[in-house]
Amino acid sequence: MQFTDHRPTMAIVDLAAIRHNVQHVLETLSADQKLYATVKANAYGHGSVPVSKAALEAGATGLLVATVDEAIELREANITSVPIIVLGLTDPRGIAEILHYQITVTVAHPSWFDQAYRQLEQTDQLDLLKHHRLICHLPLDTGMGRIGLRTCDEIEMFHQAVSQLDWVDWQGVFTHFSTAGGGPADYIEHQLNQWNTLLESVPSSVKERHFANTAMGIWHNDSAWLAAHQTQKSDIIRFGIGMYGIDPKDQLDSGAQYTLQPALELVSELVYVKQVPAGQSISYGATYTTESDEWIGTIPIGYADGWLRHYREVTLSVKGQPCPVLGVINMDQLMIRLPENYPVGTSVILISPETQSNNSASNIAKQVGTIGYEIVTSIGERVPRVYLNE
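What you see is a predicted model, and the numbers here were worked out from it, not measured in a lab.

**As for the overall build of the protein chain**
The helix and strand inventory of the protein chain stands at 13 helices and 19 strands. Projected onto its principal axes, the C-alpha coordinates of the protein chain cover approximately 80 × 55 × 40 Å. For the protein chain, buried positions account for 52% of its 390 residues. Once local pairs closer than 6 in sequence are excluded, the contacts in the protein chain between residues at least 24 apart make up 70%. About 17,500 Å² of surface is accessible on the protein chain, with carbon and sulfur atoms providing 48% of the total. Treating the 25 positive side-chain charges of the protein chain as one cloud and the 43 negative ones as another, the clouds have centres 1 Å apart.

**Topic: the domain arrangement of the protein chain**
Domains assigned within the protein chain are domain 1 (15-244) and domain 2 (264-352). Here the C-alpha centre of domain 2 lies 42 Å away from the C-alpha centre of domain 1.

**Digging into the sheet that holds strand S5 (residues 104-106)**
Taken in spatial order, the eight strands make up an open sheet running S8-S7-S6-S5-S4-S3-S2-S9, and their pairing is parallel. Each having just a single partner strand, strand S8 (208-210) and strand S9 (236-239) make up the two edges of the open sheet. Averaged over all pairs of adjacent strands, the angle between their axes in this sheet comes to 25°, without regard to strand direction. Where strand S6 (residues 134-139) lies against strand S7 (residues 168-174), six bridges are found, and the strand directions are parallel. The partner of Pro-139 across the bridge, within S7, is Phe-174.

**Details of the UniProt feature "binding site: substrate" (unreviewed entry) in the protein chain**
The UniProt record marks Arg-146 and Met-331 with the feature "binding site: substrate" (unreviewed entry), using the residue numbering of this structure. An extended arrangement is adopted by the annotated residues: their sequence extent is 186 residues, and the largest C-alpha distance between any two is 33.3 Å. Secondary-structure assignment places Arg-146 in the loop between S6 and helix H8 (152-162). In this structure Arg-146 touches Asp-141 and His-176, once residues within four positions along its chain are discounted. Relative to the helices and strands, Met-331 is located in the loop between strand S16 (321-323) and strand S17 (334-338). If we skip the residues at most four places from it in the chain, Met-331 touches Gly-302, Tyr-303, Ala-304, Asp-305 and Arg-382.

**Structural notes on the environment of Val-348**
Structurally, Val-348 can be placed in strand S18 (residues 347-351). Measuring from C-alpha to C-alpha, the distance between Val-348 and Glu-154 comes to 55 Å, with 194 residues separating the pair along the chain. Excluding residues within four positions of it along the chain, Val-348 makes contact with Leu-266, Val-267, Ser-268, Glu-269, Leu-270, Ile-299, Leu-316, Ser-317 and Val-318.

**So, a negative patch on the surface**
A cluster of like negative charges, contributed by Asp-69, Glu-73, Glu-76 and Glu-97, occupies part of the molecular surface. Looking at which element gives the most residues to the negative patch, the answer is helix H4 (residues 68-76), with three residues. With respect to the element layout, Glu-97 can be found in helix H5 (residues 95-100).

**Observations concerning the sheet that holds strand S14 (residues 294-299)**
On the basis of which strands lie adjacent, the open sheet formed by three strands has the order S11-S14-S17 and antiparallel pairing. Looking at which strands have only one partner, the edges of the open sheet turn out to be strand S11 (272-276) and S17. On average, each strand axis in the sheet is tilted by 30° relative to the strand beside it, whichever way the strands run. Bridge count for S11 against S14 is five bridges, and the pairing is antiparallel. Across the sheet, Val-276 pairs through a bridge with Glu-294, a residue of S14.

**As for the packing of helix H1 (residues 15-26) against helix H3 (residues 48-58)**
One way to put it is that H1 packs onto H3 with a least axis distance of 8 Å and a crossing angle of 40°. In terms of orientation, H1 and H3 fall into the oblique class. Between H1 and H3 the crossing geometry is right-handed. Contacts between H1 and H3 pair Leu-15, Ile-18, Arg-19, Val-22, Gln-23 and Leu-26 from the former with Pro-50, Val-51, Ala-54, Ala-55, Glu-57 and Ala-58 from the latter.

**Let's talk about the pattern of salt bridges**
Taken as a whole and judged by the stated rule, the model has ten salt bridges. A salt bridge links Asp-305 to Arg-7, with the shortest nitrogen-to-oxygen separation between them at 2.9 Å. Residue Asp-305 is located in the loop between S14 and strand S15 (316-318), and its partner Arg-7 is located in the segment before strand S1 (10-14); the two are separated by 298 residues in the primary sequence. Grouping residues by exposure puts Asp-305 and Arg-7 together as buried. Across the salt bridge formed by Arg-93 and Asp-91, the nearest N and O atoms sit 2.7 Å from each other.

**Examining the UniProt feature "active site" (unreviewed entry) in the protein chain**
Annotation from UniProt places "active site" (unreviewed entry) at Lys-40 and Tyr-284. The greatest C-alpha distance among the residues just named is 35.0 Å, and with 245 residues of sequence between them they are spread in space as well. Topologically, Lys-40 is positioned in helix H2 (residues 40-44). Considering the arrangement of structural elements, one finds Tyr-284 in the loop between strand S12 (281-282) and strand S13 (288-289). Judged by relative accessible area, Tyr-284 falls into the exposed class, the value being 58%.

Criteria and cut-off values
Residues numbered from 1 in each chain as written. Predicted model: local features only at pLDDT ≥ 70, side-chain atom pairs only at ≥ 80, totals over all residues. Heavy atoms only, no water. Helix = DSSP H or I, 4+ residues; strand = E, 2+ residues; numbered from the N terminus. Buried < 20%, exposed > 50% of the residue type's maximum accessible area, 1.4 Å probe, protein only. Contact = heavy atoms within 4.5 Å. Areas by Shrake-Rupley, 256 points an atom, 1.4 Å probe, with all protein chains shown as cover. Lys, Arg positive; Asp, Glu negative; His and termini not counted. Charge placed at Lys NZ, Arg CZ, Asp CG, Glu CD. Domains from an automatic or database assignment. Pairing = 2+ DSSP bridges. Axes fitted to C-alpha atoms, helices over the stretch in contact; angles between N-to-C directions. UniProt positions renumbered as here; feature names shortened; annotations may be inferred. Patch = residues over 30% accessible without salt bridge, like charges linked within 9 Å, V, L, I, M, F, W, Y side chains within 5 Å. Salt bridge = Lys/Arg side-chain N within 4 Å of Asp/Glu carboxyl O. Parallel < 35°, antiparallel > 145°, perpendicular 65-115°, else oblique. Left-handed = near helix turned anticlockwise from the far one by under 90°.

Right, here's the structure in full:
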C-alpha cells in the first residue's frame, strides 16, 4: 500500500538504516562468507521489495524467505539475478512455479522429489527440466526440533536418492540455533556438536553449509570462537532481525558492541481531542473511568493494524510526553490521556527508531512480554509503509 492522505497512521522505513546495517555486518565477515538478507514476513513488517533492493544495493548476495509466494513476489518485482532460498518446507505440487522462477527450496525428505516429478508428468510440464535444474538445501535438526534430518543414516539415504536425479542440484545444508538469541548458552555447544557430527555424512559436493542467523553471525562468528569450538564458519550469514536494527536479545545497551540502526518508526496523529469531566467511562467495557477532568486524545490505530489489545500498558509519545492508553484498544482506534489540550493533527509516536526510547521495539517488547520481532512483524498491511532514502 502507498501513502494515503485519508488516515495519518503510517510506518516510516529508513532504507539508509537497512543499508548501514548490512554494510556494518559485511565488514565483520571473512572474504569467503556471504550475507543473505532475511526478508520473510514482508521483511519483518518493513516491506519486502524495497528492503530487498536496499539490502542488495548494500552488498547482500542473496535473499531468504519463508514461502514460495514470498519468493515469487520478489521475482515479479524484477529481482531476478540473485538466489532466493525458501527456508520453510514447500508443497511439491508447486514445482512448476519453483522451476520457472528459479527458487531455491528446502527439501527434508527424498519423497518430495518423487511427488514433484509426478506433478510435472501429470501436468505435461516435464519440458521445464530441459531448461532448469531444481536447486535445494537440506535442513538438519540439531536441536531446534522444527524441521530437518536428525541422523547420519537419514542424510546418507537422502544423498543416495538425490544422486540418481540429474535434474536436482543439492547445493546447501543448514541448521538453526535455538538459543543464540536467548536461552541457555550451553545448548549452543550441544547443537554445534550435533552439527559437526551430521556434516560428516554430507558429501563434499554440497558447498553451502550455513548455521548463522543474526545472533550467531554477530556473537559467534569470529575466528577465535570458531577455532575454540572446532567449527567451520557459516558460509552464509542469514541476516534477519539485525538488518532492521533490532537486537536479537532485545538488549538496550548493545550499541557499544555494534552499531545497528533501527529502520522503522510507527506514527500517527491526534484526530480528536476533548476534555471530559470526572466519572466518565472510556472505551469498550467501561474498564477505565476518569477521576478528574481529563484531556482525551483519539488516535486512528488499533488491533487490526497490529497495535494489539495487550499493548494497553505501553505509553505513546506526544510532544515528548508519555501518554497512557485509556481503556481497551479498539479494532481501529485507541484513546490516550493528554497532559494538556493538544491540537488535532499533533504527531503521535508509537514505535520510535531511537534504541533507548521507551517506545523502541525492544522496549515495547519487554513491556508486553514478547520479543522485538513480534512488535514489527505484527504491523498490519493496511498501515502504509513510507520509505526514506530510496
